[in-house]
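Reading the structure
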Amino acid sequence: MKSGFIGIIGRPNVGKSTLLNNVLGEKIAITSDKPQTTRNRITGIYTDLEYDGGNGMQMIFLDTPGIHKPKNKLGEAINETALNTAGGVDVVLLIVDGTKKFGKGDQYILEILSQSETKKVLAINKMDLVGPEAYLELYSKYDESGLFDEIFGISALYDTNVDKLMKCLSNYMVEGPMYYPKDMATDHPERFIVSEIIREKLLQYLDQEIPHGVFIEIESYDEKPKITEIGAVICCERTSHKSIIIGKGGRKLKGVGKSAREEIEVLLGTKVFLSLWVKVKERWRDSDRVIKNLGYKDE
């Protein structure tokens, strides 16, 4: 058996979670077109028992939040989560958006990676939207850094070259144990994934800024024989945001709830009764207590 850990890092909205969901063949990380969708480090487990004539392989992917210029304590904690991951894995997979020009944020990540001796692979994503000249320019820029053992052009959304990338990453796995059961896709509890699904629907339904000021608390989770009853609180920073989330006549909140419930039922394989409430918690993104409770700090 070969096994190992792969840290997926990159700037916001480059397609890290889309790639992970593609590799695993199921959705464990939420996605949206808004930056900083991923806040926590998401663990994805890929197991292939037929690898190497049946000897088997397990790759543990650690999907990290997008590295960005922080504006509050939450942003600082998110960056810390991503950067710490890069130092404790067998290989770092940096994903960049092929449609964007190389900028200061990209240079910052390269400077961080230059301090690590960990093997590094680069995936230039969204190749379905990139012309040959733009790709070669970006490829050359990263190749000149001398940091990367291999560079691939991929489309995580359309599965282009993902198989070649996976074959490359498998070469960095080493003899080791099978860390997780063969049918396990993530080590996150269902309550966490449920809260993330609700947050994803908010990202889809709300305007650009408000979703970043929202977090979800699961207050009740009751598994009954034929139905799971879930009570969740949507916490926002302003009273004005609360009224926007609820919407006229409660329509927006009902839409979020219906969309989330349908996806949670697929996840759990049972009927779900989902109750949602909205509360105001001012300036929670600068609250050490809240950030700790969300899992960003150990102490």
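Residues numbered from 1 in each chain as written. Predicted model: local features only at pLDDT ≥ 70, side-chain atom pairs only at ≥ 80, totals over all residues. Heavy atoms only, no water.

Inclusion rule: UniProt positions are given in the numbering used here, feature names are shortened, and annotations may be inferred rather than shown by experiment.
Per an unreviewed UniProt entry, the protein is named GTPase Era, and its organism is Mogibacterium pumilum. Checking UniProt for the protein, the heading Sequence similarities (unreviewed entry) contains the comment "Belongs to the TRAFAC class TrmE-Era-EngA-EngB-Septin-like GTPase superfamily. Era GTPase family." The Subunit (unreviewed entry) comment attached to the protein in UniProt states, word for word, "Monomer."

1. Comments concerning helix 5 (residues 132-143)
For clarity, the cut-off: Helix and strand definitions here come from DSSP, where helices need a minimum of 4 consecutive H or I residues and strands a minimum of 2 consecutive E residues; each element is numbered from the N-terminal end. What a helix should span is 1.5 Å times the count of its residues minus one. Under the scheme applied here, a residue whose accessible area is under 20% of the maximum for its type counts as buried, over 50% as exposed, and between as partly exposed, the area being computed with a 1.4 Å probe on protein chains only. What the arc covers is the set of directions going from the helix axis to the C-beta atoms. Only heavy atoms matter for contacts: two residues are in contact if any of them lie within 4.5 Å across the pair.
For helix 5, which comprises 12 residues, the first-to-last C-alpha distance of 16 Å matches the rise-based estimate of 16 Å (1.5 Å per residue) to within 8%. All buried positions along helix 5 are accounted for by Tyr 135, Leu 138 and Tyr 142. Projected down its long axis, helix 5 carries its buried residues within an arc of 70°, all on one side. For helix 5, exposure combined with an orientation more than 90 degrees from the buried face picks out Pro 132, Glu 133, Leu 136 and Glu 137. Of the surrounding secondary structure, the elements contacted by the buried residues of helix 5 are strand 4 (91-97), helix 4 (104-113), strand 5 (119-125) and strand 6 (150-153).

2. Details of unusual backbone geometry
The residue Asp 159 is not glycine, and still its phi comes out positive at about 70°. On the secondary structure map, Asp 159 appears in the loop between strand 6 and helix 6 (162-170). Here Asn 161, not a glycine, exhibits a phi torsion of approximately 65°, which is positive. Secondary-structure assignment places Asn 161 in the loop between strand 6 and helix 6.

3. As for the sheet that holds strand 10 (residues 271-280)
Short version of the rule: At least two DSSP bridges between two strands are needed for those strands to be called paired. The angle between two axes is taken between their N-to-C directions and runs from 0 to 180 degrees, where each axis is a line fitted to C-alpha atoms and a helix contributes only its stretch in contact.
In spatial order, the strands read 8-9-10; together these 3 strands make up an open sheet with mixed pairing. Each edge of the open sheet is held by one strand with a lone partner, namely strand 8 (215-223) and strand 10. Neighbour-to-neighbour, the strand axes of this sheet turn through a mean angle of 15°, independent of strand direction. Of the strands in this sheet, strand 9 (227-236) and strand 10 touch helix 8 (residues 239-246), which is tilted by about 155° from strand 10. In the packing of helix 9 (residues 251-268) onto the sheet, contacts are made with strand 8, strand 9 and strand 10, and the angle to strand 10 comes to roughly 140°.

4. Observations concerning the nonpolar core
Proteins that are soluble and globular tend to have nonpolar side chains buried together. What counts here: Take the buried Ala, Val, Leu, Ile, Met, Phe, Trp, Tyr and Cys residues and link them wherever side-chain atoms come within 4.5 Å; each set so joined is a nonpolar core. As used throughout, domain bounds are those supplied by an automatic or database domain assignment.
Within the largest apolar cluster, 53 residues are counted, with the highest numbers of intra-cluster contacts made by Leu 93, Ile 198 and Ile 264. Among the elements that take part in this core, helix 7 (residues 190-205) stands out by supplying 6 residues, more than any other. Here this core spans two domains, since at least three of its residues come from each of domain 1 (2-175) and domain 2 (190-294). With sequence-adjacent residues up to four places away left out, Ile 264 is seen in contact with Val 194, Ile 197, Ile 198, Ile 230, Val 272 and Leu 274. The next biggest cluster of nonpolar side chains, apart from the first, holds 21 residues, and it includes Ile 45, Val 92, Leu 113 and Tyr 135.

5. Brief notes about the packing of aromatic side chains
As a reminder of what qualifies: For Phe, Tyr and Trp, where Trp contributes only its six-membered ring, two rings pair if their centres lie within 6.5 Å, and the inter-plane angle classes them as stacked under 30 degrees, edge-to-face over 60, or tilted in between. Charge-over-ring placement is defined geometrically: NZ (Lys) or CZ (Arg) within 6 Å of the ring centre, and within 35 degrees of the ring normal.
Per the stated rule, a full pass over the model turns up 4 aromatic pairs. Here the aromatic rings of Tyr 142 and Phe 148 are separated by 6.1 Å at their centres, their planes lie at 70°, and the arrangement is edge-to-face. A network of ring pairs unites the aromatic residues Phe 102, Tyr 142 and Phe 148 as a single cluster. Positioned above the aromatic ring of Phe 102, the side-chain terminus of Lys 141 is 5.1 Å from the ring centre.

6. Looking at the pattern of salt bridges
Under the convention used in this document: In the sections that follow, a salt bridge refers to a side-chain nitrogen of Lys or Arg positioned within 4 Å of a carboxyl oxygen of Asp or Glu.
By the definition in use, this model includes 11 salt bridges. In this structure, the salt-bridge partner of Asp 149 is Lys 119, at a minimum N-O distance of 3.7 Å. Of the two residues, Asp 149 sits in the loop between helix 5 and strand 6 while Lys 119 sits in strand 5, which places them 30 residues apart along the sequence. Of the charged contacts in the structure, one is a salt bridge between Glu 263 and Lys 201, with a shortest N-O distance of 2.8 Å. Of this pair, Glu 263 sits in helix 9 while Lys 201 sits in helix 7, and the two are 62 residues apart along the sequence. By sharing partners, the salt bridges in this structure join Glu 200, Lys 201 and Glu 263 into a single network.

7. Observations concerning the pairing of strand 4
When you tally the buried positions in strand 4, you get 7 out of 7 residues, the bulk of the element. Covered by surrounding structure in strand 4 are Val 91, Leu 93, Ile 95 and Asp 97 together with Val 92, Leu 94 and Val 96, the residues of both alternating faces. Relative to strand 4, strand 1 (residues 2-9) is paired through 4 bridges, and the arrangement is parallel. By the bridge assignment for strand 4, Gly 7 is matched with Val 92. Where strand 4 and strand 5 come together, 7 bridges link them in parallel fashion.

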